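This is what each chain is made of:
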Amino acid sequence: MNDILGIIFIGVGLAFDFFGCLGLLRLPDVYNRLQASTKCVTLGTCSILFGVFLMLGPTAAGIKSLLCIIFLILTTPVSAHAIARGAHRSGVKLWEGSIVDRYKEDKEGEA
Amino acid sequence: MKSKIVLFIVGLLVWLLLSWPADTQHLLVGIVIAGFVAFMTGDMFVQRPHLFTQIRRYLWLLYYLPIFLWECIKANLDVAYRVIHPAMPINPGIVKVKTTLKSETGLTFLANSITLTPGTLTVDIDQERGFLYVHWIDVKDKDVEKATEIVVERFERILKRIFE
């Protein structure tokens, strides 16, 4: 039973990882690509790790995969934030279809 | 002193989970090293240790987790839909939202939650004035107040009870 559930979780995770990579290729600029890669890849990888935990049970590897989920959820948004902020500060433009850029407006007001 | 104890417990717990299954050797090494690390760096990491003893914060955290997980799954389906749709229905932009959270932990968790939920990604924080700059894949409203309502408020109410 746990094996079947685990395989389902791993399958769903692989699908989300695939969508994340697809988004990385299709979306137009750095910020949109970060959206796809942070969200889909986080949940996808967490789902794969949870599937591994279900299949292995509370063994050494199973518990480690649970810990990995916690670290992943805590660290992915931080690195995404760092990349987005770094990109904006070093002058990477938003895609031309973007509607509004309050960050740029505010920074120009200060300078 | 309290903050050192908190860091000691957290460090020991993570170590024991990493070295699972626990035995005497691992436990002894863990206690020695967690004690040393907590003694050296406890005051740097944990600034408000009294918060850890209030039970209702943990209950709010338990209440927060399923909401967060549900939003996270919705976010994934939303982004996946936008990615596979042939016309790519995106409408991106960076909006400014307000927050009333003040503590660093609270702001960090708010920014992380925003990043992991539907179509939003925190770009920068202005801690003094309480503004977050959020990249939104589908901008519904450019106005500061309205955007705040949509993006921030569903988490802010709960996070305030956990971290403030």
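Refer to the structure printed above.
Procedures and definitions
- Residues numbered from 1 in each chain as written.
- Chains lettered and ligands numbered in written order.
- Predicted model: local features only at pLDDT ≥ 70, side-chain atom pairs only at ≥ 80, totals over all residues.
- Heavy atoms only, no water.
- Helix = DSSP H or I, 4+ residues; strand = E, 2+ residues; numbered from the N terminus.
- Contact = heavy atoms within 4.5 Å.
- Areas by Shrake-Rupley, 256 points an atom, 1.4 Å probe, with all protein chains shown as cover.
- Lys, Arg positive; Asp, Glu negative; His and termini not counted.
- Charge placed at Lys NZ, Arg CZ, Asp CG, Glu CD.
- Buried < 20%, exposed > 50% of the residue type's maximum accessible area, 1.4 Å probe, protein only.
- Pairing = 2+ DSSP bridges.
- Phe/Tyr/Trp six-rings, centres within 6.5 Å; stacked < 30°, edge-to-face > 60°.
- Lys NZ or Arg CZ within 6 Å of the ring centre and 35° of its normal.
- Buried area = accessible area lost by both parts, 1.4 Å probe.
- Salt bridge = Lys/Arg side-chain N within 4 Å of Asp/Glu carboxyl O.
- Polar contact = N/O pair within 3.5 Å; in protein donor to acceptor, adjacent residues only side chain to side chain.
- Core = buried A, V, L, I, M, F, W, Y, C linked by side-chain atoms within 4.5 Å.

## Some details on the overall build of chain B
Then, in step 1: Secondary structure assignment for chain B yields six helices and three strands.
Then, in step 2: Order of helices (α) and strands (β) in chain B, N terminus to C terminus: α-α-α-β-α-β-β-α-α.
Then, in step 3: Overall, the C-alpha framework of chain B stretches about 60 × 35 × 25 Å when taken along its three principal axes.
Then, in step 4: For chain B, restricting intrachain contacts to residue pairs at least 6 apart in sequence, the fraction spanning at least 24 positions comes to 68%.
Then, in step 5: For chain B, the accessible surface area stands at approximately 9000 Å², while carbon and sulfur atoms represent 69% of it.
Then, in step 6: Each charge sign in chain B was given a centre, from 18 positive and 16 negative side chains, and these centres are 4 Å apart.

## Re the pairing of strand β3 (residues 131-136) of chain B
Residue and element names in this part refer to chain B.
Then, in step 1: Where burial is concerned, most of β3 is hidden: six out of the six residues are buried.
Then, in step 2: Across six bridges, the pairing between strand β1 (residues 93-98) and β3 is antiparallel. Within the sheet, the bridge partner assigned to V97 lies in β3 and is L132.
Then, in step 3: Bridge count for strand β2 (residues 120-126) against β3 is six bridges, and the pairing is antiparallel. Bridging across to β3, I125 finds its partner in L132.
Then, in step 4: Where β2 hands over to β3, the hairpin turn is made up of four residues, of which G130 adopts a positive phi near 75°.

## A short note on the packing of aromatic side chains
Then, in step 1: Counted under the stated rule, the structure contains five aromatic pairs over all chains.
Then, in step 2: Ring centres of F50 of chain A and F53 of chain A lie 6.1 Å apart, and the angle between their planes is 35°; on these two criteria the pair is classed as tilted. Of this pair, F50 of chain A and F53 of chain A both sit in helix α2 (residues 30-56), three residues apart, roughly one helical turn.
Then, in step 3: In this structure F50 of chain A comes out as partly exposed when scored by relative accessible area, which is 29%.
Then, in step 4: Overall, F53 of chain A belongs to the buried group, its relative accessible area being 18%.
Then, in step 5: Through a chain of ring-to-ring contacts, three or more aromatic side chains come together here, namely F9, F50 and F53 of chain A.
Then, in step 6: Between K96 of chain B and the ring centre of F131 of chain B, over which it is positioned, the NZ or CZ distance is 4.4 Å.

## Some thoughts on the interface of chain B and chain A
Then, in step 1: The partner chain A presents 45 residues to the 43 residues of chain B that form the contact.
Then, in step 2: Summing the contributions of chain B and of chain A, the shared interface buries around 3900 Å²; its carbon and sulfur component is 69%.
Then, in step 3: By the criterion of area lost to chain A, the three top residues of chain B are N76, V83 and I94 of chain B, representing 16% of everything that side buries.
Then, in step 4: Where D124 of chain B meets R89 of chain A, a salt bridge forms, and the shortest distance between an N and an O atom there is 3.8 Å.
Then, in step 5: Joining chain B to chain A, the criterion identifies eleven residue pairs in polar contact (both at pLDDT 80 or more).

## Things to note about the nonpolar core
Then, in step 1: Core analysis: the biggest nonpolar cluster contains 21 residues, and Y64, V95, V97, L110, I114 and L159 of chain B have the highest contact counts within it.
Then, in step 2: Going through the elements one at a time, α3 (55-84), β1, α4 (104-116), β3, α5 (144-151) and α6 (153-163) of chain B are the ones with two or more residues in this core.
Then, in step 3: At five residues, α6 of chain B tops the list of elements feeding residues into this core.
Then, in step 4: Apart from the residues within four sequence positions on either side, L110 of chain B is in contact with T99, L101, L132, V152, F155, E156 and L159 of chain B.
Then, in step 5: Grouped together as the second largest cluster of nonpolar side chains are ten residues, Y31 and L94 of chain A together with I94 and L121 of chain B included.

## Details of the side chain of T76 of chain A
Then, in step 1: Relative to the elements of secondary structure, T76 of chain A occurs in helix α3 (residues 60-89).
Then, in step 2: Judged by relative accessible area, T76 of chain A falls into the buried class, the value being 17%.

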